[in-house]
Amino acid sequence: MKSSCYISWVRKLNKFNLFALSVLALLISCGPPKYVSYTGIHRDFKCLVPWGWNVITDQEGNHYENTDFLGPFDGRFYLGIPSFSVRWYSDYAPHLLRNGEIEIYADADDFIHQMLKDVYGPKPIMMDPVEDILLSGNRKAKYFRVLSPTPVPQNTPWGASKDAQTGKLVNLREHAYVVVPMPSGFFVLIYPATHAGYRAYRPVFDALVNTFVPLTDGPGGPAVSTSR
């Protein structure tokens, strides 16, 4: 009797182990999700972002906020780090940059004008011209993509390429922007890629853009409708 009971219990254990192994194998085969839903630390926006990427947010009062999503090492990107950013700017609010300079924008259109003139000028190569687009909930936004080389230190290990004319190392920037006007300011979604790495994460940036939903009129601002 004892022997039969023992054998019966072992069989139950074996069935349980087989079930557990099947579940484990299923989880391993499925792997982690490609995207996860992210809500800003001030609950001012939400979107889908790549699973497992690091997130860093800094802000200056309620008039400026920057959230960076940092991906795994990729030598095609400057300093080896693919990334996306979601920023908030209040209209007419000065923001102190790390180099001590001040940036200030009257509105979303002024931001685009200053970016193209001062950061990528005087003659930026427009891979995609400024155009109107619709985000989730029919919210209006503006999109553009620009190609522009900028000098980098000659010992830069990743993301640099030689300028065909000068032979010096440059970061051949291929940056995509989506600017989202709001009542008191605007959000900016940025993909700061290199020309060599741009295509690698463009679908991921598209996922962020297509699922981006402003929840408030900037950090600490009043709630806004998620449909327009």
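This write-up is about the structure you can find in this document. Quick caveat, the model's predicted, so the values are computed rather than measured. (Residues numbered from 1 in each chain as written. Predicted model: local features only at pLDDT ≥ 70, side-chain atom pairs only at ≥ 80, totals over all residues. Heavy atoms only, no water.)

Turning next to the sheet that holds strand β1 (residues 35-39). What the three strands build is an open sheet, ordered β1-β2-β13; its pairing is antiparallel. The outermost strands of the open sheet, each flanked by one partner alone, are β1 and β13 (213-214). Of the strand pairs in this sheet, strand β2 (residues 45-50) and β13 are connected by two bridges, and their pairing is antiparallel. Bridge pairing links Lys 46 to Val 213 in β13. This element, helix α3 (residues 198-211), spans β1, β2 and β13 of the sheet and lies at about 160° to β2. (Pairing = 2+ DSSP bridges. Helix = DSSP H or I, 4+ residues; strand = E, 2+ residues; numbered from the N terminus. Contact = heavy atoms within 4.5 Å. Axes fitted to C-alpha atoms, helices over the stretch in contact; angles between N-to-C directions.)

Turning our eyes to something else, we now look at helix α2 (residues 108-119). For an α-helix, the turn length of 3.6 residues means that residues three or four places apart are oriented alike. Relative to the 16 Å expected for twelve residues at 1.5 Å per residue, α2 spans 16 Å between its end C-alpha atoms, a close match to the ideal helical length. Of all the positions in α2, only Ala 108, Phe 111, Ile 112, Met 115 and Leu 116 are classed as buried. Around the axis of α2, the buried residues are gathered within 120° of arc, so they sit on the same side. For α2, the exposed residues lying more than 90 degrees away from the buried face are Lys 117 and Asp 118. Packing partners of the buried residues in α2 comprise β5 (83-90), β8 (125-134), β9 (140-151), β11 (169-181) and β12 (185-194). One side-chain oxygen of the residue at the start of α2 lies 3.2 Å from the amide nitrogen of Asp 109, identifying that residue as Asp 107. (Expected span 1.5 Å × (residues − 1). Buried < 20%, exposed > 50% of the residue type's maximum accessible area, 1.4 Å probe, protein only. Arc of directions from axis to C-beta. Polar contact = N/O pair within 3.5 Å; in protein donor to acceptor, adjacent residues only side chain to side chain.)

What follows is about the packing of aromatic side chains. Applying the stated criterion to the full structure yields 25 aromatic pairs. A network of ring pairs unites the aromatic residues Tyr 64, Tyr 89, Tyr 105, Phe 111, Tyr 120, Phe 144, Tyr 177 and Phe 186 as a single cluster. (Phe/Tyr/Trp six-rings, centres within 6.5 Å; stacked < 30°, edge-to-face > 60°.)

Ranked by size, the top nonpolar core spans 29 residues in total, and within it Phe 84, Val 178, Tyr 191 and Phe 212 carry the most contacts. Contributions of two or more residues to this core are made by β2, β5, β9, β11, β12 and α3. Considering every element that reaches this core, the biggest residue donor is α3, with six residues. Filtering out sequence-adjacent residues up to four positions away, Phe 84 remains in contact with Pro 50, Trp 53, Thr 67, Asp 68, Phe 69, Ile 190, Tyr 191, Pro 192, Tyr 201, Val 204, Phe 205 and Leu 208. Counting residues in each nonpolar core, the second largest holds 16 residues, with Tyr 89, Ala 108, Phe 111 and Ile 112 among its members. (Core = buried A, V, L, I, M, F, W, Y, C linked by side-chain atoms within 4.5 Å.)

With that settled, consider a nonpolar patch on the surface. Taken together, Tyr 92, Leu 96, Ile 102 and Ile 104 make up a surface patch of nonpolar side chains, about 440 Å² in accessible area. Examined against the element boundaries, Leu 96 turns out to sit in strand β6 (residues 95-96). (Patch = residues over 30% accessible without salt bridge, like charges linked within 9 Å, V, L, I, M, F, W, Y side chains within 5 Å. Areas by Shrake-Rupley, 256 points an atom, 1.4 Å probe, with all protein chains shown as cover. Salt bridge = Lys/Arg side-chain N within 4 Å of Asp/Glu carboxyl O.)

Across its 14 residues, α3 extends 20 Å between first and last C-alpha, which sits within 8% of the 20 Å expected from 1.5 Å per residue. Of all the bends in α3, the greatest, near 30°, is centred on Val 204. Within α3, the full set of buried residues consists of Tyr 198, Tyr 201, Arg 202, Val 204, Phe 205, Ala 207, Leu 208 and Val 209. (Bend = angle between axes of the 7 residues up to and from the residue.)

Honestly, it's all geometry; don't read function into it.
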